[in-house]
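# Coordinates in review
Read off the chains here:
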4 protein chains.
Amino acid sequence: MSEKRDPAATGETVDSSAGLLGLERVSAFSDGVFAIAITLLVIEIKVPAVEHDLAQALLAKWPSYLGYLVSFIIIGIWWVNHHRLFDGFVRADHLLLLLNLFHLMCIAFIPFTTALLAEYFWHGGADERTAAAIYSGTLLLAALFDNAMWLRGVQAGLLSPEMPASMIPAINRLFALTLLVYAIAVGLAFVLPVISIAICLAIAIYYALPGQRVPVL
Amino acid sequence: MSEKRDPAATGETVDSSAGLLGLERVSAFSDGVFAIAITLLVIEIKVPAVEHDLAQALLAKWPSYLGYLVSFIIIGIWWVNHHRLFDGFVRADHLLLLLNLFHLMCIAFIPFTTALLAEYFWHGGADERTAAAIYSGTLLLAALFDNAMWLRGVQAGLLSPEMPASMIPAINRLFALTLLVYAIAVGLAFVLPVISIAICLAIAIYYALPGQRVPVL
Amino acid sequence: MSEKRDPAATGETVDSSAGLLGLERVSAFSDGVFAIAITLLVIEIKVPAVEHDLAQALLAKWPSYLGYLVSFIIIGIWWVNHHRLFDGFVRADHLLLLLNLFHLMCIAFIPFTTALLAEYFWHGGADERTAAAIYSGTLLLAALFDNAMWLRGVQAGLLSPEMPASMIPAINRLFALTLLVYAIAVGLAFVLPVISIAICLAIAIYYALPGQRVPVL
Amino acid sequence: MSEKRDPAATGETVDSSAGLLGLERVSAFSDGVFAIAITLLVIEIKVPAVEHDLAQALLAKWPSYLGYLVSFIIIGIWWVNHHRLFDGFVRADHLLLLLNLFHLMCIAFIPFTTALLAEYFWHGGADERTAAAIYSGTLLLAALFDNAMWLRGVQAGLLSPEMPASMIPAINRLFALTLLVYAIAVGLAFVLPVISIAICLAIAIYYALPGQRVPVL
């Protein structure tokens, strides 16, 4: 929305540009990283080299397709959430930019964790649990930086004046709950890796459901 | 067109921003995925390692260049169609965003299906048919999500008021026809894989012809 | 420049949006392809796997770095030219979009031709000549589609009314000369491959020089 | 900020568009290259192929993760600096565009130098020193082109009239100091490669600190 609003009408010009860098540029750069990370997922899926029975060889790689599906959904929904978070800000400061950079670092790492998961998923044993822990752990880390951005926004007065103060505790609770569920997913990775990944997907889908979330976030 | 129109003049500001996320951001993100997917096609073409007669080795890889050509045209034209579809909307809702994400997931998968096709094309036998079926099947799936976006737009009242209601049945018919032809292409992949791919290319080219299509779509 | 100009003031709104797709979107999509292609050049440079004497192994790969340098300059300058060409248009039609797609197809192919050149350059013999011919031939093809876009713009009345008609013959001559020099480079690839590549680089640098070119192009 | 400002109000339209290409386009293209380069860092991290003990194999690859972390931070902060530099300009000329292209060439090269560093870091010996020298040397080169852009801006009158002339010597000193420290890092690479990389990271972090820098740069 901020791309469209008339600065002259809202009187936010000064705030928007007072930070280190305009929010829209950071937002556009972040969009680029999300779009590239989501599209790079495919290059981790390799064409099998077989003499015959390609269909069989492709079917055996089902964890790769499942990983592509799950990570595409997760990155796509996180991208929407990232935009909604930034829509709640009127400006950025140095710390917010750094936290955003660390958040993007986690997002851009997902093609690797997805390839790792696809390679070792359904193997059973410690290697599958390791891959699931790294996959869910990267998302937990991304969520931590997301939450840190929000907290920094609240603390440093970067929030839009349009956001009612009464909404802040509700968003805080949602973030705390999200982090708790991600932490459970990481813990479960060492016991039930399939359930761990299912929880990661479920959190993303929950955020994509209409009407179940705090409006602004 | 929506990037250029003056919100104040058309009175659409409220509608445009009332959804989960502004249409332009979704559109820009989708543009990014299309642009990255189309450019990633090249990294599936490997430089042959030969001691001598590079020309011969390169000529032997003609299915790779043909696949690059066909997929570049298909992704490029689908990109135009995606924009025209979104130009018909004034806002997006949660379901539309999810359907768009699944559509992009199919588009971003094309570098893989192209590499698969290039590797197994002209081999004859079951493997070539498998590769052709996956290639055309991914496009059928992309077209299904495209059609679902359109139907959701009609059903949930997301269409631009500028679009005459009389145009809707014509667009519905065009979508149904497109899906039918893609389904035929998938079916033919198991019998005449070359024809299957030719049909996929022909559909894209048909959409690129002037004056043969429903104006808005 | 078209991004900044006020449509209401110039009265070009109708023209700009009357085509298949707004020029700015096509321009932004093309920008994306140029930016991705130029950045993908690096992934063709592989880290050598050596037990000792990395410096020696890296020095032996000098054609890779030279190829990176040359192709980066060429794609970068072509990107500027692409924008200047599009700044001369007020709208696009179907054929222009298709020609642009084929132009981008050549640009996005450059990471492959660069890798090919780096692998077989300085080998001498037929393989080096093959690689040089494919490298310069791709640029010739890109220039042909560039010229076709310009000719289509002139013929179909897509040019900006701000462009003086007297400038058109001069631009035609520049395009003809460019094509001639690229054709000479392709021909020389079969005799003096190093000179062929040097000419490709020289054409790009010539276009980057100030004051030597037709103003609008 | 320049994206939002009203050209009619500031009277900068003529200056902004008088150069070879609008500053915003160059800025957007540069953003794309930065975003792609930062996201491509991940594809240099390969999934290990092990029969058992994945955790051990992953831990052994710690230089890859460290390299990812360091280069992500460096590219991210350089991106912010690039924007701040461009915010100080009101137009670009041919030479500035060329210098920017060479700057981007260094940035886009970082995924390679990072992979090189990750492969040979902690090996000890000449190969580690070679990798560290190439890593820090690429950053020194990038900084040289950055400084050259600034000097060209000052010399050719491309600076924004909003920038007080008194600030120019301070920025010159900051650039000189930065170049000196990068040169020390390159020199140290041949003696203490770990310290050399630490200095490269420290320079980036210094630039990210609030209130320690010349305001406009």
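Scroll up for the structure.
A brief look at the structure comes next.

The rules behind these values
Residues numbered from 1 in each chain as written. Chains lettered and ligands numbered in written order. Predicted model: local features only at pLDDT ≥ 70, side-chain atom pairs only at ≥ 80, totals over all residues. Heavy atoms only, no water. Helix = DSSP H or I, 4+ residues; strand = E, 2+ residues; numbered from the N terminus. Buried < 20%, exposed > 50% of the residue type's maximum accessible area, 1.4 Å probe, protein only. Areas by Shrake-Rupley, 256 points an atom, 1.4 Å probe, with all protein chains shown as cover. Contact = heavy atoms within 4.5 Å. Buried area = accessible area lost by both parts, 1.4 Å probe. Salt bridge = Lys/Arg side-chain N within 4 Å of Asp/Glu carboxyl O. Polar contact = N/O pair within 3.5 Å; in protein donor to acceptor, adjacent residues only side chain to side chain. Least-squares fit on C-alpha atoms with pLDDT ≥ 70 in both. Nonpolar A, V, L, I, M, F, W, Y, C, P; charged D, E, K, R; others polar. Axes fitted to C-alpha atoms, helices over the stretch in contact; angles between N-to-C directions. Parallel < 35°, antiparallel > 145°, perpendicular 65-115°, else oblique. Left-handed = near helix turned anticlockwise from the far one by under 90°. Patch = residues over 30% accessible without salt bridge, like charges linked within 9 Å, V, L, I, M, F, W, Y side chains within 5 Å.

Here we come to the overall build of chain A. Across its full length, chain A holds 9 helices and 0 strands. Beginning at the N terminus, the succession of helices and strands in chain A can be written as α-α-α-α-α-α-α-α-α. Residues classed as buried in chain A amount to 59% of the 217 residues present. Carbon and sulfur atoms form 67% of the exposed surface of chain A, whose accessible area is close to 8,200 Å².

Opposite the 36 residues of chain B that make contact, chain A presents 41 residues. Across the chain B/chain A interface, buried area totals approximately 3,200 Å², and carbon plus sulfur atoms make up 74% of it. The tally of links between chain B and chain A comes to 1 salt bridge. Measuring nitrogen to oxygen at the nearest pair gives 2.8 Å for the salt bridge that ties R25 of chain B to D87 of chain A. Viewed at the interface, chain A and chain B are joined by 8 residue pairs in polar contact (both at pLDDT 80 or more). Only α3 (23–40), α6 (94–120) and α7 (125–155) of chain B provide two or more residues apiece to the side of chain B that touches chain A. A per-element tally of the side of chain B that touches chain A places α6 of chain B first, with 15 residues.

This brings us to the relation of the copies chain D and chain A. When chain D is fitted to chain A, the residual RMSD is 0.0 Å, and the transformation amounts to a turn of 90° plus an axial shift of 0.0 Å. Here the transformation between the copies is reduced to the relation of a four-fold axis. When you check the interface residues of chain D against chain A, a mere 12% turn up at the interface there too, and the two sides of the contact use different surfaces.

Here the focus is the interface of chain D and chain A. If you look at the interface, chain D gives 41 residues, while chain A gives 36 residues. Applying the counting rule to chain D against chain A returns 1 salt bridge. Viewed at the interface, chain A and chain D are joined by 8 residue pairs in polar contact (both at pLDDT 80 or more). Elements represented by at least two residues in the side of chain D that touches chain A include exactly α3 (23–40), α4 (54–59) and α5 (62–87) of chain D. Of all the elements, α5 of chain D adds the most residues to the side of chain D that touches chain A, at 12 residues. Among the residues forming the side of chain D that touches chain A, the class breakdown is 27 nonpolar, 6 polar and 8 charged.

Here we come to the packing of helix α6 (residues 94–120) of chain A against α5 of chain D. For the pair α6 of chain A and α5 of chain D, interaxial distance at closest approach is 10 Å and the crossing angle is 135°. For the element pair α6 of chain A / α5 of chain D, the angle class is oblique. For the crossing formed where α6 of chain A meets α5 of chain D, the hand is right-handed. Across the interface between the two elements, L97, L98, L101, F102, L104, M105, A108, F109 and F112 of chain A of α6 of chain A pack against Y65, Y68, L69, F72, I73, G76, I77 and V80 of chain D of α5 of chain D. A class-by-class count of the residues in the contact of α6 of chain A with α5 of chain D yields 16 nonpolar, 1 polar and no charged.

For the rest of this paragraph, the subject is a nonpolar patch on the surface. All names here are of chain A. On the surface, W62, L66, L69, W122 and V194 cluster together into a nonpolar patch covering about 460 Å² of accessible area. Among the secondary structure elements, W122 is positioned in the loop between α6 and α7 (125–155). Residue W122 is classed as exposed on the basis of its relative accessible area of 56%.

In this arrangement, two copies of a chain are superimposed by a rotation about an axis accompanied by a shift along the axis. When chain B is fitted onto chain A, the two copies agree to an RMSD of 0.0 Å after a turn of 90° and an axial shift of 0.0 Å. Different-surface contact between copies: only 14% of interface residues of chain B are shared with the interface of chain A.

All names here are of chain D. Here V26 is to be found in helix α3. Of the residues examined, V26 reaches a relative accessible area of 1% and is grouped as buried. Between the alpha carbons of V26 and A92 there is a distance of 8.9 Å; along the sequence they are 66 residues apart.

Right, let's talk about the side chain of R152 of chain D for a bit. Within the secondary structure layout, R152 of chain D lies in helix α7 (residues 125–155). Setting aside residues up to four positions removed in sequence, R152 of chain D forms contacts with D93, L95, L96, L99 and L158 of chain D.

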